[in-house]
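Structural description and commentary
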Amino acid sequence: MAGKRKAKRATEDLAKPSKWRLQHGDFSEPVREADPETGTPVAHRRAVDTLGQMLLNGTITPQMHEAGCIFRTLFRSAALDGIATTQFVRISGVTADTMSGRQVDARRRVAKALDALGGHNSPAGSCVWFVVGLEMSVREWAARRGWSGRPVPQPIAGGMLVAGLGILAMHFGLTPRQQAA
């Protein structure tokens with residue numbers, strides 16, 4: 001006869017992010033608001049992303065941050081992240097998934113941005129693809145992927161990202177081009 005298992009009691013404070021979640025990045029201070037539907041007070045915590053952290057540290061300018069956000073939005077619209085989704089409505093007789101016009105346009109714009117960075121295999125292009133597009137951390141990209149499959153020291157990887165964001169800011173027209181005198 002098997003004995004009954006005792007229920008495990010939660011030892012963590014459920015109002016705070018778990019230890020597992022905290023190892024994947026920091027959070028902002030909680031913002032206390034009222035829930036629009038019920039009116040009960042809630043605390044919202046936002047995960048701090050790489051671009052947001054770099055902007056707060058002063059490593060990048062607001063224009064570079066905006067360029068990174070534009071690239072990330074285009075990357076998601078182009079569906080280049082490799083996440084497969086299920087179609088809710090299936091049409092009989094259709095076997096191939098077709099891309100929408102929005103996805104095609106987003107892919108063209110991502111390709112042009114990568115060309116401005118020197119291509120997908122350039123240092124800045126590879127770094128922006130993985131860190132901004134796929135939202136990999138700079139540390140993880142530098143250690144695992146790096147440029148041309150070789151590990152890159154983290155400070156150099158951060159410099160590659162800053163350079164790539166500067167080029168993207170100019171490509172998207174957020175910073176003016178300097179005229180040679």
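Structure shown above.
None of the values given here were measured: they were computed from a predicted structure.

Procedures and definitions
- Along each chain, numbering runs from 1 in the same order as the chain's sequence is written.
- In keeping with the predicted nature of the model, local features appear solely for residues at pLDDT of at least 70, side-chain atom pairs appear and are counted solely at 80 or more, and the whole-chain, interface and lining totals rest on all residues.
- Note: side-chain values were computed over all heavy atoms of the structure, leaving out hydrogens and water.
- Throughout, nonpolar core names a set of buried Ala, Val, Leu, Ile, Met, Phe, Trp, Tyr and Cys residues whose side chains join them through atoms within 4.5 Å.
- Note on exposure labels: buried denotes an accessible area under 20% of the residue type's maximum, exposed denotes more than 50%, and partly exposed covers the range between, all computed with a 1.4 Å probe on protein chains only.
- Strands here are runs of E lasting at least two residues and helices are runs of H or I lasting at least four, both read from the DSSP assignment and numbered beginning at the N terminus.
- Should any heavy atoms of two residues lie within 4.5 Å, those residues are considered in contact.
- Pairs were defined over the aromatic rings of Phe, Tyr and Trp, the Trp ring being its six-membered one, requiring ring centres within 6.5 Å. Orientation was assigned from the angle between planes: stacked under 30 degrees, edge-to-face over 60, tilted for the rest.

1. Observations concerning the nonpolar core
In terms of nonpolar packing, the biggest core is built from 33 residues, with F71, W141, L161, L165 and L168 touching the most fellow members. Residue contributions to this core peak at 7 residues, all from helix 5 (residues 123–133). Ignoring sequence-local partners within four residues, the contact set of L168 consists of A67, F71, A113, L117 and V128.

2. Observations concerning the packing of aromatic side chains
All told, the structure shown has 2 aromatic pairs when counted by the stated rule. An angle of 35° between the planes, with centres 6.0 Å apart, marks the rings of F71 and F75 as tilted. Here F71 and its partner F75 are both found in helix 3 (residues 62–77), 4 residues apart, which amounts to about one turn of the helix. With respect to burial, F71 and F75 carry one shared label: buried. Consider the rings of F75 and W129, whose centres lie 4.7 Å apart with planes at 80°: the pair is edge-to-face. Linking F75 in helix 3 with W129 in helix 5, this pair joins segments that are 54 residues apart in sequence.

3. Things to note about unusual backbone geometry
Negative phi is the rule for most residues except glycine; trans is the rule for most peptide bonds. Of note in the backbone geometry, A79 takes a positive phi value of approximately 55° without being a glycine. Mapped onto the fold, A79 is located in the loop between helix 3 and helix 4 (101–116). The phi dihedral of E135 is positive, around 60°, even though this residue is not glycine. Its location among the elements puts E135 in the loop between helix 5 and helix 6 (138–145). Given the relative accessible area of 43%, E135 is considered partly exposed.

4. Let's talk about the environment of V128
As for its position among the elements, V128 is in helix 5. Considering only alpha carbons, one finds V128 and G164, 36 residues apart in sequence, at a separation of 6.4 Å. Apart from the residues within four sequence positions on either side, V128 is in contact with F71, L117, G133, L161, G164 and L168.

5. As for the environment of M170
Here M170 is to be found in helix 7 (residues 154–171). For M170, the residues in contact, after removing those within four places along its chain, are T175, P176 and R177.

Don't take any of this as a statement about function, it's just geometry.
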